[in-house]
Amino acid sequence: MPTAASDNPPVVVVSGDAGVAKPHGKKRHKPAPRPASGGSEPFDGDAEEIDPGPTTVALGAADRALESRGDDTTLPAQTIDMAGGGKDARPLDDGEIGAVINGQGGGLKDCVVQGATNTDLRGTITIKLVVDGRGKVIKTRVQAPHYLLEHNLLGCTQRAAARMHFPATGAPTLVTFPINLG
């Protein structure tokens with residue numbers, strides 16, 4: 001029997017840098033050393049390039065505090081046709097949810113990685129989606145550290161979720177998508 005989103009939804013683990021390339025800033029040239037006083041030979045070597053690398057954003061306790069923002073993800077009330085004359089409406093099953101997350105969840109992961117770049121944030125970001133019976137994401141809610149939400153994580157995930165297409169099953173489904181930073 002198909003089930004709605006299970007107690008064990010797919011989990012995505014994202015490493016600290018998540019494979020994000022370092023931003024390319026201006027390269028600085030190390031000044032050539034001056035000859036010691038009394039030296040007769042000037043330095044004739046090439047200047048060495050120094051890349052200071054990205055700076056980690058210093059986060060306080062308020063930045064790390066978990067918050068939830070977005071739509072109310074309570075499923076709408078459903079009517080049941082006891083006569084069996086209607087469609088065979090059912091929520092999405094775990095296999096259908098997993099297939100869509102694996103194939104189309106990259107945009108959601110990218111939102112989290114983009115927001116967490118250059119931070120030392122660790123923990124689980126939880127994205128909840130309400131998928132209507134036609135397979136369209138109609139509501140999005142995000143639980144994440146305050147810092148990520150203040151840096152447009154909700155807006156990014158809403159746009160990414162709107163591009164996802166689930167199978168049409170005739171009934172709404174709550175999909176919970178945890179992403180682990182660490």
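The residue numbers shown here count from 1 along each chain, following its written sequence. In view of the model being predicted, local features appear only for residues whose pLDDT reaches at least 70, and side-chain atom pairs are presented and counted only at 80 or more, with totals across whole chains, interfaces and linings using the full set of residues. In computing side-chain properties, one takes all heavy atoms of the structure into account and sets aside hydrogens as well as water.

Enquirer: Let's hear about the state of the cysteines: which residues, and what values?
Expert: Throughout, a disulfide means two cysteine sulfur atoms within 2.5 Å of one another. With the rule as written, the count across this model stands at one disulfide. Disulfide partner of C111: C156, at an S-S distance of 2.0 Å. The disulfide joining C111 to C156 has a torsion of about -80° about its S-S bond and is therefore left-handed. Linking C111 in helix α3 (residues 106–116) with C156 in helix α5 (residues 153–162), this pair joins segments that are 45 residues apart in sequence. Burial classification: accessible surface area is computed with a 1.4 Å probe over protein chains only, and a residue below 20% of its type maximum counts as buried, one above 50% as exposed, and the rest as partly exposed. By relative accessible area, which is 5% here, C111 ends up buried. Looking at C156, the relative accessible area reads 16%, which means it is buried. Here a helix means four or more residues in a row that DSSP labels H or I, a strand means two or more in a row labelled E, and each is numbered from the N terminus.

Enquirer: An account of the nonpolar core is needed here, citing residue identities and associated values.
Expert: Residues I125, L129, L148, L153 and F166 are the most contacted members of the largest nonpolar core, which totals 31 residues. Mapped by element, the contributors of at least two residues to this core are α2 (94–104), α3, β5 (123–131), β6 (137–145), α4 (146–150), α5 and β7 (173–181). Discounting residues that sit within four places of it in the chain, L153 has contacts with C111, V112, I125, V142, A144 and L148. Side-chain atoms within 4.5 Å are what join buried Ala, Val, Leu, Ile, Met, Phe, Trp, Tyr and Cys residues into a set we call a nonpolar core. Any two residues having at least one pair of non-hydrogen atoms within 4.5 Å are treated as being in contact.

Enquirer: Account for the pattern of salt bridges, naming residues and giving values.
Expert: In what follows, salt bridge is the name for a side-chain nitrogen of Lys or Arg lying within 4 Å of a carboxyl oxygen of Asp or Glu. Per the counting criterion, the structure on display carries five salt bridges. Among the ionic pairs, E96 bridges to R90, the shortest N-O distance being 2.7 Å. Owing to a relative accessible area of 17%, E96 belongs among the buried residues under this scheme. A salt bridge links R134 to D132, with the nearest nitrogen and oxygen atoms 2.6 Å apart. When salt bridges that share partners are traced, they join E67, R69 and E150 into one network.

Enquirer: Any details on unusual backbone geometry? Residues and values, ideally.
Expert: Positive phi outside glycine occurs at N118, with the angle close to 65°. If you trace the backbone, N118 turns up in the loop between α3 and β5. N118 sits in the partly exposed class, given a relative accessible area of 29%. In this model, N152 sits at a positive phi of 70°, which is unusual for a non-glycine residue. For N152, the location among the structural elements is in the loop between α4 and α5.

Enquirer: Go over the confidence of the model for the protein chain, please, and point to the residues and values.
Expert: Every residue is assigned a pLDDT by the predictor, reflecting its confidence on a scale from 0 to 100. Summary statistics for the protein chain give a mean pLDDT of 80 and a share of 66% for residues scoring 70 or more. Predicted confidence is poor over residues 16–30, with pLDDT under 50, and the contacts of this stretch with residues over four places away or in other chains come to 19 contacts.

Enquirer: Residues and numbers for the packing of α3 against α5, please.
Expert: Angular values range over 0 to 180 degrees, each being the angle between N-to-C directions of two axes fitted as lines to C-alpha atoms, with helices fitted over their stretch in contact. The contact between α3 and α5 brings their axes to 8 Å, and the two run at 165°. As summarised for this structure, α3 and α5 are arranged roughly antiparallel, according to the angle between their axes. Handedness of the α3/α5 crossing: right-handed. On the side of α3, the interface is formed by G107, L108, C111, V112 and Q114, while α5 contributes L153, C156, T157, A160 and A161. Comment on the angle field: the value is read as roughly parallel under 35 degrees, roughly antiparallel over 145, roughly perpendicular from 65 to 115, and oblique elsewhere. Crossings are classed by handedness, with left-handed meaning an anticlockwise turn of the near helix from the far one by less than a right angle and right-handed meaning a clockwise turn.

Enquirer: Give a description of the environment of V142 that names residues and reports values.
Expert: For V142, the location among the structural elements is in strand β6. Of the residues examined, V142 reaches a relative accessible area of 0% and is grouped as buried. Each C-alpha atom of the pair V142 and F177 lies 9.6 Å from the other, and the pair is 35 residues apart in sequence. Setting aside its immediate chain neighbours within four residues, V142 contacts E67, S68, R69, I125, T126, I127, L149, L153, L154 and T157.

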